[in-house]
Structure formats: C-alpha cells, structure tokens
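# Fold and contact review
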Amino acid sequence: ETGVTQTPRHLVMGMTNKKSLKCEQHLGHNAMYWYKQSAKKPLELMFVYNFKEQTENNSVPSRFSPECPNSSHLFLHLHTLQPEDSALYLCASRPTSGGDHEQFFGPGTRLTVL
Amino acid sequence: AQSVTQPDIHITVSEGASLELRCNYSYGATPYLFWYVQSPGQGLQLLLKYFSGDTLVQGIKGFEAEFKRSQSSFNLRKPSVHWSDAAEYFCAVGARYNTDKLIFGTGTRLQVFP
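Residues numbered from 1 in each chain as written. Chains lettered and ligands numbered in written order. Predicted model: local features only at pLDDT ≥ 70, side-chain atom pairs only at ≥ 80, totals over all residues. Heavy atoms only, no water.

Glancing now at the pattern of salt bridges. Taken as a whole, this structure holds ten salt bridges over all chains when the rule is applied. Residue lysine 101 of chain B is joined to glutamate 56 of chain A by a salt bridge in which the shortest nitrogen-to-oxygen separation is 3.2 Å. In this pair, lysine 101 of chain B is assigned in strand 11 (residues 98-104) and glutamate 56 of chain A in strand 6 (residues 53-57), connecting two distinct chains. Exposure remark for glutamate 56 of chain A: the relative accessible area of 17% places this residue in the buried category. Taking the shortest distance from any N to any O, the salt bridge between aspartate 8 of chain B and arginine 22 of chain B comes out at 2.9 Å. Of the two residues, aspartate 8 of chain B is situated in the loop between strand 1 (3-5) and strand 2 (10-14) and arginine 22 of chain B in the loop between strand 3 (19-21) and strand 4 (24-26); the sequence distance between them amounts to 14 residues. Among the residues examined, arginine 22 of chain B registers a relative accessible area of 39% and is labelled partly exposed. (Salt bridge = Lys/Arg side-chain N within 4 Å of Asp/Glu carboxyl O. Helix = DSSP H or I, 4+ residues; strand = E, 2+ residues; numbered from the N terminus. Buried < 20%, exposed > 50% of the residue type's maximum accessible area, 1.4 Å probe, protein only.)

Attention now moves to the interface of chain B and chain A. How big an interface is tends to be stated in terms of the accessible area lost upon association of its parts. Contacts between the two partners involve 19 residues from chain B and, on the opposite side, 25 residues from chain A. In this assembly, chain B packs against chain A so that about 1600 Å² is buried in total across both faces, 51% of it on carbon and sulfur atoms. Area buried by chain B at its contact with chain A is led by Leu44, Asp100 and Phe104 of chain B, which between them contribute 33% of it. One can count three salt bridges joining chain B with chain A. A salt bridge links glutamate 102 of chain A to lysine 49 of chain B; the nearest nitrogen and oxygen atoms lie 2.7 Å apart. A total of five residues in the side of chain B that touches chain A trace back to one element, the largest contributor, which is strand 11 of chain B. Grouping the constituent residues of the side of chain B that touches chain A by class yields nine nonpolar, seven polar and three charged. (Contact = heavy atoms within 4.5 Å. Buried area = accessible area lost by both parts, 1.4 Å probe. Nonpolar A, V, L, I, M, F, W, Y, C, P; charged D, E, K, R; others polar.)

Now for the nonpolar core. If you look at the biggest cluster of nonpolar residues, it comprises 28 residues, and the most contacted ones within it are Trp35, Leu48, Phe74, Leu76 and Tyr89 of chain B. Of all the secondary structure elements, the ones that give two or more residues to this core are strand 2, strand 3, strand 5 (32-38), strand 6 (44-50), strand 8 (64-68), strand 9 (73-78), strand 10 (87-95) and strand 12 (108-113) of chain B. Of the residues forming this core, the biggest block, five residues, is contributed by strand 10 of chain B. With residues near it in sequence (within four places) discarded, leucine 48 of chain B still touches Leu33, Phe34, Trp35, Val57, Gln58, Gly59, Phe63, Glu64, Ala65, Phe74 and Leu76 of chain B. With 22 residues, the next largest nonpolar core counts Cys68, Leu74, Cys91 and Val113 of chain A among its residues. (Core = buried A, V, L, I, M, F, W, Y, C linked by side-chain atoms within 4.5 Å.)

Attention now moves to the sheet that holds strand 3 (residues 18-25) of chain A. All names here are of chain A. Spatial strand order, 1-3-8-7: four strands in an open sheet with antiparallel pairing. The open sheet terminates on both sides in strands that have one partner only, identified here as strand 1 (4-7) and strand 7 (64-70). Going across the sheet, the axis of each strand differs from the next one's by a mean of 20°, ignoring polarity. With five bridges connecting them, strand 7 and strand 8 (residues 73-79) associate as antiparallel partners. Within the sheet, the bridge partner assigned to proline 66 lies in strand 8 and is leucine 76. (Pairing = 2+ DSSP bridges. Axes fitted to C-alpha atoms, helices over the stretch in contact; angles between N-to-C directions.)

With that out of the way, let us pick up the side chain of glutamine 37 of chain A. With respect to the secondary-structure elements, glutamine 37 of chain A resides in strand 4 (residues 31-37). Polar side-chain contacts of glutamine 37 of chain A include one of 2.9 Å to the side chain of glutamine 38 of chain B. (Polar contact = N/O pair within 3.5 Å; in protein donor to acceptor, adjacent residues only side chain to side chain.)

Turning next to the pairing of strand 5 of chain B. All names here are of chain B. Counting buried residues along strand 5, seven of its seven residues qualify, which places the element largely inside the surrounding structure. With seven bridges connecting them, strand 5 and strand 10 associate as antiparallel partners. Across the sheet, the residue bridging to tyrosine 32 is glycine 94, located in strand 10. Here strand 5 runs beside strand 6; their pairing, made up of six bridges, is antiparallel. Across the sheet, residue tryptophan 35 finds its bridge partner in strand 6, namely leucine 48. Counting the residues between successive antiparallel strands, the hairpin from strand 5 to strand 6 contains five residues, one of them, glycine 41, with a positive phi of roughly 75°.

See the structure below:
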C-alpha cells in the first residue's frame, strides 16, 4: 500500500468521450503530479501542483485538463482524446517539508483510446 | 541538457546470481538520484535515493547503489537476485533546487530464470 490510490485502474474510451481520472493520497503531502508512461519512452511529467496551485504544465495538450480541489485529491479530465494518448497515467505525491524529496506513486490508470 | 541513460533495455539473470543495472546521467551540478522499481500493473516504488554524504547507499529489498561523480553514474546492485525481483527498474535524476522535475531513464526490464 503506497498511500496513493488511483481510480479507475483501467479505462477504455472513444475519441469523443469525456472521462476523468482520480488520484487520492493519504500521506499528508502537498505536492501532486500527473505523469504519462508510454511503452519504450521515459516517464513524461505532465502537471505539478503545489498546495493546490498548478506550478508546472509541461506543454500538455488542452484535451487534458487537471484539477486539484485540495492537497489530497487530483483529477485529470479527459476529452476528445486521440489513440496516441493511450498509456499508463501515473499520479504521484511528495512531501514539501522535512527534507524528503522522493515522489510516491500510485498504481496508475491504464487508458485505452479507441 | 539534463538526461538519464539506462543502456540496458533488457537483462536476464539466473536466480541467485549477482546483478548490476547501469545508470548514467548528464547534469550540470550534483543531482539528487533515485532508483525506482515497477512490477507489472503497478506504480513505481522507491528502492533507494542519494542526496549527499556516503556515496554507497542502501535501499530496500537488499539493493544498493553507488554514486560515482567522476563517471556520472549511479549503478544499482544486488548480490543475489530473487525471482521476485523480476520487474522494470528506472533511474531518475532531480535538481537540488527543484525536485518537482524528475528526469527518468527509459528503464531496464529484469527477467529472472529459476
């Protein structure tokens, strides 16, 4: 149990659908992240939130829309996706005090866009 | 530019054999260094990290890694591999002033034969 949960674990959607990915962390962290993991490519950082404020948008297309209502929850809203968006989407969190700098990852949502 | 290279895409070892996974990085200053492991269908779990001090760091599951500044390397080692170590291993580098932006390698897939 990593303390970071993601739902759903698997998602299949058409190109015209709208869906949302949810991430929740029970670790008391104040930084949260969305990553995209595609086959044979390094993890790609998508978004970073610190204390509910977005501090990084790594040139992500607007069809991905993040939301961070509080420090424990992070959403990724999806609309009009493309087949190349199929990937494993990982959420992570990190404490922002105490000297620990490692990120704690959730199990991911496997997304398939048809 | 910052980068991480894991030159071995796939490694196969026999159970009980020793293991070394290579990681080379390109970075302008002394970075923070991490090794993560990902089992099938799971998120990333931190094995160990280097921030400062002793260049030989111990991690979980019997893994260790050595930071060699002169070689820009942070290789992961284990003296005796267990079948449960079969997974994908990722090396990552982060800036000391901004650990939000981790740069990951492409990973090394480890297969263990009985």
